[in-house]
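For reference, the chains in residue letters:
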Amino acid sequence: MTEDRTAQAPEEERLRRWRMVLGGGPADGTGYVLAGNDVAMDKALAALYGRGEGKDGRLKAGAERGAGLGGSAPSVARWLGDIRTYFPSSVVQVMQRDAIDRLGLAALLLEPEMLEAVEADVHLVGTLLSLNKAMPEETKETARTVVRKVVEELERRLASRTRTALTGALDRSARISRPRHHAIDWNRTIAANLRHYLPEYRTIVPERLIGYGRASQAVKKEVVLCVDQSGSMAASVVYASVFGAVLASMRSLATRLVVFDTAVVDLTDQLEDPVDVLFGTQLGGGTDINRALAYCQSRITRPADTVVVLISDLYEGGIKDEMLKRVAAMKAAGVQFVTLLALSDEGAPSYDREHAAALAALGAPAFACTPDLFPDVMAAALEKGTIPIPEGAAA
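Residues numbered from 1 in each chain as written. Predicted model: local features only at pLDDT ≥ 70, side-chain atom pairs only at ≥ 80, totals over all residues. Heavy atoms only, no water.

**Thoughts on the overall build of the chain**
Tallying secondary structure elements over the chain gives 14 helices and 10 strands in all. The buried share of the chain, reckoned over its 395 residues, is 48%. Looking at the chain alone, contacts between residues at least 24 apart form 71% of all its contacts between residues at least 6 apart. Accessible area for the chain stands at about 19400 Å²; split by element, carbon and sulfur atoms hold 50% of it. (Helix = DSSP H or I, 4+ residues; strand = E, 2+ residues; numbered from the N terminus. Buried < 20%, exposed > 50% of the residue type's maximum accessible area, 1.4 Å probe, protein only. Contact = heavy atoms within 4.5 Å. Areas by Shrake-Rupley, 256 points an atom, 1.4 Å probe, with all protein chains shown as cover.)

As structure tokens, then:
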């Protein structure tokens, strides 16, 4: 909220907050009278959350508190401007999502002037992608501008750390036994030569040197991102597209991005621009994980140097047993296989626990992953090390 209330008495501030939550009227019991900006804030909240039921039993905006959005573009545009004036960005994003979910306002986002008024975030991008096929041409360019703004912000936050973590992992995975002095891994060299310790000289004779491999232009590892584009995975699709573009920019990685529902689409040739990738997806279809994994498996040429990341809630509409057999076959061939039940900041996801447990039993961990953890997960997978699974996040 925009007004500074640090000097307001604690009891008065408590009543004010309860009044804003309860919405006024004789039943709220606060007896608090709003003034100033609080009146406008209350109207903005009432337009979205002050709802009752109409005669047909359906929820109706503003029925209890005498306000509403009316479902028209002008009134919604004004409301969007109001909430951006009176609430912080994080709250605005929540209210926008609630307006889309509760009041069915998604169709209004097909109008360019509406898109220019909204607060752009990952969830809005997911909504726009789900509306992509219904967008008129005059709206698509505005939508791409909104999506690009979010993507560029995510890249600024995630790209540098991802490249640093993965470059280190790739160098460590290419250790050499005759390194130059500046490339010696001293910790591992000392550990490997402890038996050659000379007490009288208080030193170790390093008969075997262990070093880091030098970075080269050659492809060292292959990464396959296999992403479920069903409607529930919208945020994960956005983050996967951004990470896919970052990985594709690294010369020592060969990165493939595959999205699927009941069909499979290879978007690898669009990885230079994650916005193109996102508009190449089609959110909301069914799910055939087995078919997607069959395609990915057919594209693997160096299994021992390949990491496959399946990003899916595992609600399989295809053949479960065949899906598990494919994962087992890839693992047996040397592929590092990781399943992310979600790649987002949205908290604990809904997922098929039976399938997740079956994958974990095959040695393919299945867990929810935040965008901030993803670089560490990929680094560990590239080094064939222990995957950093958050406590309570695994199947």
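Structure's up, so let's keep going.
**Thoughts on the packing of helix α6 (residues 122–130) against helix α9 (residues 234–248)**
Where α6 contacts α9, the two axes come as close as 8 Å, and the packing angle between them is 100°. Classified by the angle between their axes, α6 and α9 sit roughly perpendicular to one another. Seen from α6, the contacting residues are Val122, Val125, Gly126 and Leu129; seen from α9, they are Ala234, Ala235, Val238 and Tyr239. The class makeup of the residues in the contact of α6 with α9 is seven nonpolar, one polar and no charged. (Axes fitted to C-alpha atoms, helices over the stretch in contact; angles between N-to-C directions. Parallel < 35°, antiparallel > 145°, perpendicular 65-115°, else oblique. Nonpolar A, V, L, I, M, F, W, Y, C, P; charged D, E, K, R; others polar.)

**Description of the environment of Val205**
Within the secondary structure, Val205 sits in the loop between β4 (203–204) and β5 (221–228). Sequence-distant contacts of Val205, that is, excluding residues within four places in its chain, are made with Asn193, His196 and Leu198.

**A short note on the confidence of the model for the chain**
In this model, the chain carries an average pLDDT of 82, and 83% of its residues clear a pLDDT of 70 or more. Of all the helices and strands in the chain, strand β2 (residues 59–61) carries the lowest mean pLDDT, 41, while strand β8 (residues 306–311) carries the highest, 97. Within the model, the stretch residues 1–7 combines pLDDT values under 50 with 11 contacts to residues more than four positions away or in other chains. Of the regions scoring below 50 in pLDDT, residues 52–67 engages in 38 contacts with residues more than four places distant in sequence or in other chains. (pLDDT = per-residue confidence, 0-100.)

**A look at the nonpolar core**
Core analysis: the largest hydrophobic core is formed by 86 residues, its most contacted members being Trp79, Phe87, Leu128, Leu340 and Leu343. If you tally residues by element for this core, the top one is helix α7 (residues 137–172), at 11 residues. Of all hydrophobic cores here, the second largest spans 24 residues; its members include Val224, Leu293, Ile300 and Ala364. (Core = buried A, V, L, I, M, F, W, Y, C linked by side-chain atoms within 4.5 Å.)

**Structural notes on helix α13 (residues 353–361)**
Residues of α13 that are buried: His355, Ala356 and Leu359. In an axial view of α13, the angular spread of the buried residues amounts to 100°, which keeps them on one side of the axis. Of the exposed residues in α13, the ones pointing more than 90 degrees away from its buried face are Arg353, Glu354 and Ala361. Lining the buried residues of α13 we find α12 (320–332), β9 (336–343) and β10 (366–369). The residue sitting at the N-terminus of α13 and contributing the capping side-chain oxygen is Asp352; that oxygen lies 3.1 Å from the backbone nitrogen of Glu354. Of the residues flanking the end of α13, it is Gly363, one or two places downstream, whose phi is positive at about 85°. (Arc of directions from axis to C-beta. Polar contact = N/O pair within 3.5 Å; in protein donor to acceptor, adjacent residues only side chain to side chain.)

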